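# Overview (structure and organization)
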Amino acid sequence: MELQKPRGTRDFLFEEMKERKFVEKTMKKVFETYGYQEIKTPIFEDLSLFTLKSGEGIIEEIYHFQDKGGRDLALRPELTAPVARIYLNQLQKSPKPIKMYYFGSCFRYERPQAGRFRQFWQLGCELIGGKSPDCEAEIIALASHCLEELKLEDYQIHLGNLGILRGILNQEGVSNHQQDQIMAIVDKGDVLELKKLLKEFKIDEKSGNILLELIGMHGHREIIDDVKKIIADYPSALESLEELEKLLTMLESFGFRDYLVNLGIARGLDYYTGCVFEIYVEGLGAQKQISGGGTYNLIEVFGGEKVESTGFAFGFDRVMEVLKIQKTKPPIKSRLEVFVAPISPETKLNAFEIAQQIRKKGIRTDVELVGRKLKKILSFADNSGARFVVLVGARDLKNGEITLKDMRSGNQEQIPIETIADVLIQRINSLK
Ligand code: HAM
């Protein structure tokens, strides 16, 4: 029987894991410099957490099951709903704003293709109890800071405000449920389907045409004035546009000018209410969106008070893919720094003892475990990236010494056993 991993999942081997760890650490460090603290939530939750307000698309994509107690559970497709639950369960009384970040796998039952998996990782954050547009500006600056830190090039941040489209639809008396359906189609960018839906929902022709015009509008700040003219008869949409304008001004204080206004951003999830943004990298093709987020009202939907919340998540796998395409190799450590080699079977136990001494100083060290001859050990140590080999021979041991071999220069020298770990620390540090 051939054992296969499930469709849409991946195994990660050593080098790739080191690269992923490096990127994870780099991004987490940036989140922490903005005052975010890490949280972890369960991989599975009650199904209802996601069906309540995550949107038609997500619900169809959820992996769900009943456990032995008959409870309806789901593998999490995203982490904003779990964070809103944590807030309601434990953090309502905490001083605000609360800044939380997370890194974890998500599961969506979708058609696997390049950059689209059934298990994938998100690194994201939620800022609960802040004020727009201040927190939105800071969050967008944070997202862009992460990408700068990774030296990721050629990304574009697109900004919009859902209040503009929803303002028009509200004025037309379109129900929330119908609005969610419209937003889902806008998110897919399917204009034909959208036209059909606008007709079906009997949306006034003028408003329908304005909607169609708006979703095609993207450009620099200058387009705001054009939009103002187009939506002049829709006061609540205008208010949202002004919010967006304020956000753009504020972003400049955060040192950030490189964005595009894009009124076609609708987001695939239903809980967004105000500012939304997505980050694209064209080189990725169809799955070019490496991050998405915005301001949402999930806590209120879950029965809490109205608390302004903003967040975003990077599709971690897509960020890794961009770095690969760009040929940016994260610096990775070799498996080993030191290999301890008994020269003969009699010195094996001494070798174990010495290896332990060195490991306790935090040096990546391996010791011979399969009884190979010295020549083979040296070649294995070299392939494992060990710069130094500690040769443990009976004659040296009698003098209280070992032989230290530098694999790069080939030099060998005798060192007192009790000083070997300190000598290695010095040598390794001098190489950094
Ligand atoms: P989302 O846009 O659904 O937003 O997902 C965030 C990111 O996860 C996407 O931009 C994309 O890069 C990545 N992603 C989504 N699906 C897949 C997949 N099947 N395979 C690989 N990568 C994928 C959210 O999930 C929101 N919870 C973000 C947020 C946080 N909004 C507010 N706070």
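Residues numbered from 1 in each chain as written. Predicted model: local features only at pLDDT ≥ 70, side-chain atom pairs only at ≥ 80, totals over all residues. Heavy atoms only, no water.

Our next topic: the sheet that holds strand E6 (residues 119–128). Here we have nine strands laid out as an open sheet, ordered E1-E5-E6-E12-E11-E10-E7-E9-E8, and mixed in their pairing. Strands with a single pairing partner mark the edges of an open sheet, and in this sheet they are strand E1 (37–38) and strand E8 (218–219). Inspection of the sheet shows E1 paired to strand E5 (residues 98–107) by two bridges, in the parallel sense. Its bridge partner lying in E5, Glu38 is registered against Tyr101. This element, helix H6 (residues 162–171), spans strand E7 (155–161) and strand E10 (272–281) of the sheet and lies at about 135° to E10. (Pairing = 2+ DSSP bridges. Helix = DSSP H or I, 4+ residues; strand = E, 2+ residues; numbered from the N terminus. Contact = heavy atoms within 4.5 Å. Axes fitted to C-alpha atoms, helices over the stretch in contact; angles between N-to-C directions.)

Attention shifts here to a positive patch on the surface. There is a patch of like positive charges on the surface, built from Lys25, Lys29, Lys333 and Lys432. Along the chain, Lys29 falls in helix H1 (residues 14–33). (Patch = residues over 30% accessible without salt bridge, like charges linked within 9 Å, V, L, I, M, F, W, Y side chains within 5 Å. Areas by Shrake-Rupley, 256 points an atom, 1.4 Å probe, with all protein chains shown as cover. Salt bridge = Lys/Arg side-chain N within 4 Å of Asp/Glu carboxyl O. Lys, Arg positive; Asp, Glu negative; His and termini not counted. Charge placed at Lys NZ, Arg CZ, Asp CG, Glu CD.)

One recurring pattern in soluble globular proteins is that nonpolar side chains are buried together. Core analysis: the biggest nonpolar cluster contains 111 residues, and Met27, Phe31, Leu159, Ile182, Leu214 and Ile231 have the highest contact counts within it. Counting residues per element, this core draws most heavily on helix H5 (residues 134–149), which supplies eight residues. With sequence-adjacent residues up to four places away left out, Ile182 is seen in contact with Leu169, Val174, Leu194, Leu197, Leu198, Phe201, Ile203 and Leu211. Counting 20 residues, the second-largest nonpolar core is a separate cluster that includes Val340, Ile358, Ile402 and Ile417. (Core = buried A, V, L, I, M, F, W, Y, C linked by side-chain atoms within 4.5 Å. Buried < 20%, exposed > 50% of the residue type's maximum accessible area, 1.4 Å probe, protein only.)

By nearness alone, 26 residues border the ligand, and Glu78, Thr80, Glu110, Tyr272 and Gln289 come closest of all. Contact distances for the ligand include 2.9 Å between an oxygen atom and a side-chain N or O atom of Arg267. Here a nitrogen atom of the ligand and a side-chain polar atom of Tyr272 are 2.5 Å apart. Here the ligand, which alone exposes 660 Å², has 96% of that area covered by the protein. Elements supplying a minimum of two residues to the shell around the ligand: E6, strand E11 (289–296) and strand E12 (309–315). With six residues, E11 is the largest single contributor of residues to the shell around the ligand. Of the residues contributing to the shell around the ligand, the split by class is 10 nonpolar, nine polar and seven charged. (Near = heavy atom within 4 Å. Polar contact = N/O pair within 3.5 Å; in protein donor to acceptor, adjacent residues only side chain to side chain. Nonpolar A, V, L, I, M, F, W, Y, C, P; charged D, E, K, R; others polar.)

The packing of two helices is summarised by the inter-axis angle and the distance between the axes. Between H1 and H5, the shortest axis-to-axis distance is 9 Å and the interhelical angle comes to 140°. The hand of the H1/H5 crossing is right-handed. Across the interface between the two elements, Thr26, Met27, Val30 and Phe31 of H1 pack against Leu142, His145, Cys146 and Glu149 of H5. Looking at the contact of H1 with H5 residue by residue, the class counts come to five nonpolar, two polar and one charged. (Left-handed = near helix turned anticlockwise from the far one by under 90°.)

The subject of this paragraph is the pattern of salt bridges. Taken as a whole and judged by the stated rule, the model has 25 salt bridges. With its nearest N and O atoms 3.6 Å apart, the salt bridge here joins Lys196 to Glu193. You can see Lys196 and its partner Glu193 sitting in helix H8 (residues 191–200), three residues apart, about one turn around the helix. For Lys196, a relative accessible area of 56% translates into the label exposed. The partner of Asp233 in a salt bridge is Lys206, with the nearest N and O atoms 2.9 Å apart. On the criterion of sequence distance, the pair formed by Asp233 in the loop between helix H10 (223–230) and helix H11 (235–253) and Lys206 in helix H9 (residues 205–215) is long-range, its members being 27 residues apart. Asp233 gets classed as partly exposed once you look at its relative accessible area, which sits at 49%. On the basis of relative accessibility, which here comes to 42%, the residue Lys206 falls in the partly exposed class. Residues joined by salt bridges that share partners form a network here, namely Lys21, Glu24, Lys28 and Glu38.

Here the focus is helix H7 (residues 176–188). An ideal rise of 1.5 Å per residue puts 18 Å on 13 residues; H7 measures up with 18 Å between its terminal C-alpha atoms. Along its buried surface, H7 packs onto H6, H8 and H9. The first or second residue beyond H7 is Gly189, which carries a positive phi of 70°. (Expected span 1.5 Å × (residues − 1).)

Looking now at helix H17 (residues 420–431). A rise of 1.5 Å per residue sets the reference length of H17, with its 12 residues, at 16 Å; its end C-alpha atoms lie 17 Å apart and thus fit the reference within 8%. Buried residues of H17: Ile420, Ala421, Val423, Leu424 and Ile428, and no others. The arc enclosing the buried residues of H17, seen along the axis, measures out at 160°, which places them on a common side. Within H17, the exposed residues directed more than 90 degrees away from the buried face are Gln426 and Ser430. In the core, the buried residues of H17 are packed alongside strand E13 (338–342), helix H14 (348–359), strand E15 (388–392), strand E16 (401–406) and strand E17 (412–416). (Arc of directions from axis to C-beta.)

This paragraph deals with the environment of Leu75. Within the secondary structure layout, Leu75 lies in strand E4 (residues 72–75). Residues Leu75 and Phe44, 31 residues apart in the sequence, show an inter-C-alpha distance of 4.3 Å. Once residues within four sequence positions are removed from consideration, Leu75 is found in contact with Ile43, Phe44, Tyr63, Phe65 and Phe107.

This paragraph deals with the domain arrangement of the chain. Each assigned domain of the chain is listed here: domain 1 (14–325) and domain 2 (338–426). Using only C-alpha atoms to locate each centre, domain 1 and domain 2 end up separated by 53 Å. (Domains from an automatic or database assignment.)

So, on to the layout of surface pockets. Taken as a whole, the second largest pocket encloses approximately 620 Å³ of empty space. Forming the walls of the second largest pocket are 30 residues, and the residues nearest its centre are Tyr272, Thr273, Gly274, Asn297 and Lys306. Breaking the lining of the second largest pocket down by element, the ones donating at least two residues are H6, H7, H11, E10, E11 and helix H12 (298–301). Each residue belonging to the lining of the second largest pocket can be placed in one class, and the counts come to six nonpolar, 14 polar and 10 charged. (1 Å grid on protein atoms, 1.4 Å probe; cavity = no way out; pocket = protein on both sides within 12 Å on 5 of 7 lines; lining within 4 Å. Points joined across faces, edges and corners; volume = space filled by probe spheres on them.)

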